[in-house]
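Residues per chain, in single letters:
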Amino acid sequence: MKQFLSFKRKLGFKFKEEAFHLKKIDEAALETNQSSSGITKSFADIITKKKPNEGLQYRQRRISILAMFSSYLNDIGIDSYIPKVPPCKNKEYLPFIFSQNEINTIFNVCDQYKLIKRHPYNSLFIMPVFLRLLYATGIRFGEALNLKDTDVNLDDNYLLIKDSKNGKERIIPISYSLSDVLKEYLWFRNYLPKNKENYFFIGIGGSKCSQNVRYWFKKILERSNIQYLGKNKGPRVHDLRHTFAVNSLVKMVEAGLDLYVSLPILSTYLGHQSIKATNRYVRLTSTLFPDLMNDIDYSLIDVFPKFKNYEPN
């Protein structure tokens, strides 16, 4: 297992979650007195058995890690049973794409929102700049919260994304206007207690911001007269990323950039593992902007997978 983890990490993957699940597999092997060099079918059946109250996606992730490790054992000459990874149903969530008027309203509400009571873990302080950052760059919610001071270069105007969903680092260039917003935020933030771990976004007590951001986003939607439809229905903070992706495709098409050229650029910028994930935005964009995408639809739309109510990551 250590050799497998070392191999994956040398390829650029962090494999933190995977290491956790591998440890659980190792513990289960010890508890059940496994003696085989590889994974046996009987042991795989123990590991892949559904746990009480376990979600479909979490179980699929556990089994996929066991399958990867078992495949690796076979590659290095150790016979090992590879379990079948159960399919995971496509999410029913259809991304919410904010209009420009809705975005402007959200930003205005953020700028005017004031705290009634001071609380050290409150994240309202960061919301005006945090939401602008997500909208302007399309980075993931967690990637933004995990930014540290050393990851935000406001001299050369770029962000260094380290803690990404796919475990790979990437550089995100930012505009001068966004850089000015971040500098203004820093000027005010430096009056707050210093965060020991040097996180860029902190609450008024100096601690790293957390899920509290989602709470305030719902409050901001309410004041913006944008209806929140409920859990797994949105709109959600993550929809700012979807909005960025669709707007980027629209601008590329309007600029006359070939779709074959624009997709790899957008895919790299968003941190997708493959262009397949980015392709889904083509269907979404063609639905929202049929006149703009009309010429492209006739020539290229069949090249890409049919769009389903599935949320790109």
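As the structure is a computational prediction, the values presented were derived from the model and not from experiment.

1. Examining the overall build of the protein chain
Thought 1: Across its full length, the protein chain carries 13 helices and three strands.
Thought 2: Taking as baseline every contact in the protein chain between residues at least 6 positions apart, the subset at least 24 positions apart corresponds to 60%.
Thought 3: When the accessible surface of the protein chain is totalled, it reaches about 18,000 Å², and 52% of it is carbon and sulfur.

2. What to know about the nonpolar core
Thought 1: The biggest cluster of nonpolar side chains holds 59 residues, and the ones touching the most others in it are M127, F130 and L131.
Thought 2: Elements with a contribution of two residues or more to this core: α5 (100–112), α6 (127–137), α7 (141–145), β2 (158–161), α8 (176–189), α9 (212–223), α10 (239–254) and α11 (259–270).
Thought 3: Beyond its immediate sequence surroundings of up to four residues, M127 is in contact with C110, V213, W216, F217 and I220.
Thought 4: Listed in part, the 17 residues of the second largest apolar core include F43, F69, Y72 and L73.

3. Some thoughts on the pairing of strand β3 (residues 170–173)
Thought 1: The side-chain alternation of β3 yields one buried face, formed by R170 and I172, and one unburied face, formed by I171 and P173.
Thought 2: In this sheet, β3 lies alongside β2 in antiparallel orientation, the contact comprising four bridges. Bridging from a neighbouring strand, L160 pairs with I171 of β3.

4. Structural notes on the packing of helix α3 (residues 41–48) against helix α4 (residues 56–75)
Thought 1: Two elements in contact, α3 and α4, have axes separated by 10 Å at closest approach and are oriented at 155°. Viewed along their axes, α3 and α4 adopt a mutual orientation that is roughly antiparallel. Taken as a pair, α3 and α4 cross one another with a handedness that is right-handed. Counted together, A44, I47 and T48 of α3 and R59, R62, I63 and L66 of α4 form the full contact between these two elements.
Thought 2: Residue classes in the contact of α3 with α4 are distributed as four nonpolar, one polar and two charged.

5. Considerations on the side chain of N153
Thought 1: Following the sequence through the fold, N153 ends up in strand β1 (residues 152–153).
Thought 2: From its side chain, N153 meets the backbone nitrogen of D155 in a polar contact 3.0 Å long.

6. Quick look at the pairing of β2
Thought 1: Only one face of β2 is buried: it carries L159 and I161, and the other face, with Y158 and L160, is open.
Thought 2: One ladder, built from two bridges, connects β1 with β2; its direction is antiparallel. Within β2, the residue paired with N153 across the bridge is Y158.

7. Here's the deal with the packing of α10 against α11
Thought 1: The geometry of α10 relative to α11 is characterised by a closest axis approach of 10 Å and an angle of 150° between their N-to-C directions. In this view, α10 runs roughly antiparallel relative to α11, as classed from their interaxial angle. α10 and α11 meet at a crossing whose hand is right-handed. Together, R241, F244, A245, S248, L249 and M252 of α10 and L259, S262, L263, I265, L266, Y269 and L270 of α11 make up the contact between the two elements.

8. Things to note about a nonpolar patch on the surface
Thought 1: A contiguous nonpolar surface patch, about 420 Å² in accessible area, is contributed by W187, F188 and Y191.
Thought 2: Mapped onto the fold, Y191 is located in the loop between α8 and α9.

9. Here's the deal with the packing of aromatic side chains
Thought 1: Evaluated as defined, the whole model comprises 18 aromatic pairs.
Thought 2: Geometrically, the ring pair formed by F107 and Y135 is edge-to-face, given 5.9 Å between the ring centres and 75° between the ring planes. Of the two residues, F107 is situated in helix α5 and Y135 in helix α6; the sequence distance between them amounts to 28 residues.
Thought 3: You can call F107 buried: its relative accessible area is 11%.
Thought 4: Residue Y135 is classed as buried on the basis of its relative accessible area of 17%.
Thought 5: An aromatic cluster is present here, built from F125, F130, F141, Y185, F200 and F201 joined pairwise through their rings.
Thought 6: The residue whose ring lies beneath R223 is Y113, and the NZ or CZ to ring-centre distance is 3.7 Å.

10. What to know about unusual backbone geometry
With glycine set apart, most residues show a phi of negative sign, and most peptide bonds adopt trans.
Thought 1: Unusually for a residue other than glycine, N157 sits at a positive phi of about 60°.
Thought 2: Mapped onto the elements, N157 comes out in the loop between β1 and β2.
Thought 3: We classify N157 as buried; its relative accessible area is 10%.
Thought 4: One non-glycine residue, N198, adopts positive backbone phi at about 60°.
Thought 5: Inspection of the secondary structure puts N198 in the loop between α8 and α9.

What counts, and where the lines are drawn
Residues numbered from 1 in each chain as written. Predicted model: local features only at pLDDT ≥ 70, side-chain atom pairs only at ≥ 80, totals over all residues. Heavy atoms only, no water. Helix = DSSP H or I, 4+ residues; strand = E, 2+ residues; numbered from the N terminus. Contact = heavy atoms within 4.5 Å. Areas by Shrake-Rupley, 256 points an atom, 1.4 Å probe, with all protein chains shown as cover. Core = buried A, V, L, I, M, F, W, Y, C linked by side-chain atoms within 4.5 Å. Buried < 20%, exposed > 50% of the residue type's maximum accessible area, 1.4 Å probe, protein only. Pairing = 2+ DSSP bridges. Axes fitted to C-alpha atoms, helices over the stretch in contact; angles between N-to-C directions. Parallel < 35°, antiparallel > 145°, perpendicular 65-115°, else oblique. Left-handed = near helix turned anticlockwise from the far one by under 90°. Nonpolar A, V, L, I, M, F, W, Y, C, P; charged D, E, K, R; others polar. Polar contact = N/O pair within 3.5 Å; in protein donor to acceptor, adjacent residues only side chain to side chain. Patch = residues over 30% accessible without salt bridge, like charges linked within 9 Å, V, L, I, M, F, W, Y side chains within 5 Å. Salt bridge = Lys/Arg side-chain N within 4 Å of Asp/Glu carboxyl O. Phe/Tyr/Trp six-rings, centres within 6.5 Å; stacked < 30°, edge-to-face > 60°. Lys NZ or Arg CZ within 6 Å of the ring centre and 35° of its normal.

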